[in-house]
Amino acid sequence: KGYKRTNYIIPMLVASMFSILAGSSLGPEAPLVAICAATAGFISRKVFKRKNRNVIRKHTFMGMSGALSAFFGVPLGGSLFALEVVSRFGVEYFEHLIEAIFAGEICVVV
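What counts, and where the lines are drawn
- Residues numbered from 1 in each chain as written.
- Predicted model: local features only at pLDDT ≥ 70, side-chain atom pairs only at ≥ 80, totals over all residues.
- Heavy atoms only, no water.
- Helix = DSSP H or I, 4+ residues; strand = E, 2+ residues; numbered from the N terminus.
- Contact = heavy atoms within 4.5 Å.
- Patch = residues over 30% accessible without salt bridge, like charges linked within 9 Å, V, L, I, M, F, W, Y side chains within 5 Å.
- Areas by Shrake-Rupley, 256 points an atom, 1.4 Å probe, with all protein chains shown as cover.
- Salt bridge = Lys/Arg side-chain N within 4 Å of Asp/Glu carboxyl O.
- Buried < 20%, exposed > 50% of the residue type's maximum accessible area, 1.4 Å probe, protein only.
- Core = buried A, V, L, I, M, F, W, Y, C linked by side-chain atoms within 4.5 Å.
- Expected span 1.5 Å × (residues − 1).
- Axes fitted to C-alpha atoms, helices over the stretch in contact; angles between N-to-C directions.
- Left-handed = near helix turned anticlockwise from the far one by under 90°.
- Nonpolar A, V, L, I, M, F, W, Y, C, P; charged D, E, K, R; others polar.

> Account for the environment of Ile9, with residues named and values stated.
The residue Ile9 is located in helix α1 (residues 9-22) in this model. C-alpha separation for the pair Ile9 and Ala37, spaced 28 residues apart in sequence, amounts to 9.5 Å. In contact with Ile9, not counting residues within four places along its chain, are Ile35, Ala38 and Thr39.

Okay, here's the thing in structure tokens:
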């Protein structure tokens, strides 16, 4: 599909909130990345009316890399990690590297 559905946002938000409040070992990184990926895919499809799967995937990666870059404070590391986490063969989605680094830079600056 190229994006994460938006029905993951509320359950992931509630689960991460209770997990963090209870002192569980679930870190805030995974829910943050999933929520930002779903939000970026939703904005790409509904607000910008994109239909091309590759463009929606690029916007989803930009949301993920922005979230990781802002969380860790390292734009290049967050962007590379966001592209690496979803790839199965190593260099599968690295054509979106420039846009992901740009989104990470913007999120760290803001």
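> Please provide a residue-by-residue account of a nonpolar patch on the surface, values included.
Together, Ile10, Leu13, Val14, Met17, Phe18 and Leu21 give the surface a local cluster of nonpolar side chains, amounting to about 630 Å² of exposed area. Note on placement: Leu21 falls in helix α1. Judged by relative accessible area, which is 67%, Leu21 ranks as exposed.

> If you had to explain the nonpolar core to someone new, which residues and values would you point to?
Grouped burial of nonpolar side chains is what soluble globular proteins tend to show. By size, the foremost hydrophobic cluster in this structure holds 9 residues: Val33, Ala37, Phe61, Met64, Leu68, Ala82, Leu83, Tyr93 and Ala100. Those elements giving two or more residues to this core turn out to be α2 (29-47), α3 (53-72) and α4 (75-85). The dominant element in this core, judged by the number of residues it contributes, is α3, at 3 residues. Those residues in contact with Ala100 that lie beyond four places of it in its chain are Met62, Ser65, Ser79 and Leu83.

> I'd like a description of α2, backed by residues and values.
The end-to-end C-alpha distance of α2 is 26 Å, a good match for the 27 Å that 19 residues give at a rise of 1.5 Å each. Pro31, Val33, Ala34, Ile35, Ala37, Ala38, Ala40, Gly41, Ser44 and Arg45 are the residues of α2 that are buried.

> Go over the side chain of Ser19 with me, naming the residues and quoting the values.
Here Ser19 shows up in helix α1. Residue class for Ser19 comes out buried when judged on its relative accessible area of 10%. Residues in contact with Ser19, not counting those within four places in the same chain, are Ser24 and Leu26.

> Go over the packing of α2 against α3 with me, naming the residues and quoting the values.
Their axes nearest at 8 Å, the elements α2 and α3 cross at an angle of 145°. Here α2 runs over α3; the crossing is right-handed. The residues of α3 that touch α2, namely those facing Glu29, Leu32, Val33, Cys36, Ala37, Ala40, Gly41, Ser44 and Arg45, are Val55, Ile56, His59, Thr60, Gly63, Met64, Ala67, Leu68, Phe71 and Phe72. Among the residues making up the contact of α2 with α3, the classes are represented as 12 nonpolar, 5 polar and 2 charged.

Keep in mind that these numbers describe shape and distance, not what the molecule does.
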